[in-house]
Amino acid sequence: MERLDDVEQLEGVGSGFAAARDGIDTMLRDRGLRRTSPDLTTESLLRGAGASAELAGSASTTDDIRSGRGDAIAQAALRVSVELLGLVPVFSRTPLQALARLHALAAAGSVPDDEVGRPRSAEAAARLREIVGVLGLGRPALITAALVHAELATAEPFGSADGLVARAAERLVLVSSGVDAKSLVVPEAGHLALRPAYESNLRAYAGGGRGGIRAWLLYCTEAYAAGAEASPLRDG
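Since this is a predicted model, take the numbers as computed values, not measurements. (Residues numbered from 1 in each chain as written. Predicted model: local features only at pLDDT ≥ 70, side-chain atom pairs only at ≥ 80, totals over all residues. Heavy atoms only, no water.)

**Student:** Tell me about the packing of helix α6 (residues 95-107) against helix α9 (residues 162-176), and please be specific about residues and values.
**Tutor:** Between α6 and α9, whose axes approach to 9 Å, the crossing angle comes to 135 degrees. One finds that α6 runs oblique with respect to α9. Both α6 and α9 take part in a crossing whose hand is right-handed. Touching L99, L102, H103 and A106 of α6 are L164, V165, A168, A169 and L172, all from α9. (Axes fitted to C-alpha atoms, helices over the stretch in contact; angles between N-to-C directions. Helix = DSSP H or I, 4+ residues; strand = E, 2+ residues; numbered from the N terminus. Parallel < 35°, antiparallel > 145°, perpendicular 65-115°, else oblique. Left-handed = near helix turned anticlockwise from the far one by under 90°. Contact = heavy atoms within 4.5 Å.)

**Student:** Describe helix α2 (residues 38-55), naming the residues involved and giving the relevant values.
**Tutor:** Its 18 residues place the ends of α2 26 Å apart at the C-alpha level, agreeing with the 26 Å of an ideal helix rising 1.5 Å per residue. The element α2 is extensively covered by neighbouring structure, given that 13 of its 18 residues are classed as buried. Directly after α2, the chain includes G57, whose backbone phi takes a positive value near 110 degrees. (Expected span 1.5 Å × (residues − 1). Buried < 20%, exposed > 50% of the residue type's maximum accessible area, 1.4 Å probe, protein only.)

**Student:** Outline the pattern of salt bridges, supporting the account with residue identities and numerical values.
**Tutor:** Under the defined criterion, the tally for this structure stands at 13 salt bridges. The residue D64 makes a salt bridge to R69 at a minimum N-O spacing of 2.9 Å. Taking the relative accessible area as the measure of exposure, D64 reaches 15% and is therefore buried. Overlapping salt bridges, with partners in common, bring together E43, R47, D63, R66 and D235 in one network. (Salt bridge = Lys/Arg side-chain N within 4 Å of Asp/Glu carboxyl O.)

Here it is as structure tokens:
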């Protein structure tokens, strides 16, 4: 994918992501070492599901989801979050299979069975393979997470629930790369907190120009900082 060549060299991108990574590392080190528990990971995933669902158009709150009263979109986001960490080994080994499973979880009941987990066309399948090629190129993991998110969200390879899949894949990159191995950062909440910028920068990215790519990446440095602030490690 030539248009993404050397994007980490765009002005402000490298330093911005280095600062975002330092902030995440500091939060996890200072607040997490003595307090980390499976309950905190569960809470982070739940908050992520609520934020991702809202970005996808759900009217349900995180409390609704917690109490089992979420609408269909919220239930889809919850299904994704429940299975997300179990997909980390699959994502590391065969990312296309993991993305197909994410779509199957997100789209179940909302599209015909023969469309669940499948790209919407041969062209979309080829684009999905290109997107997977973004992984493993030696870029900093936060940049890779941002690019995978934007590529999935703007290419819409499945034709349904692509936003839910994109945000889940972003978290999978953060976990599988070791940036946030216990999934305590809530990147979805960072995007929700900055929703107007999130949506406008995705539109700019979809334009395909280097300016739009740079704007998205710089935006993501702020979103990841906001996602760290939304971590349950910050509670209390």
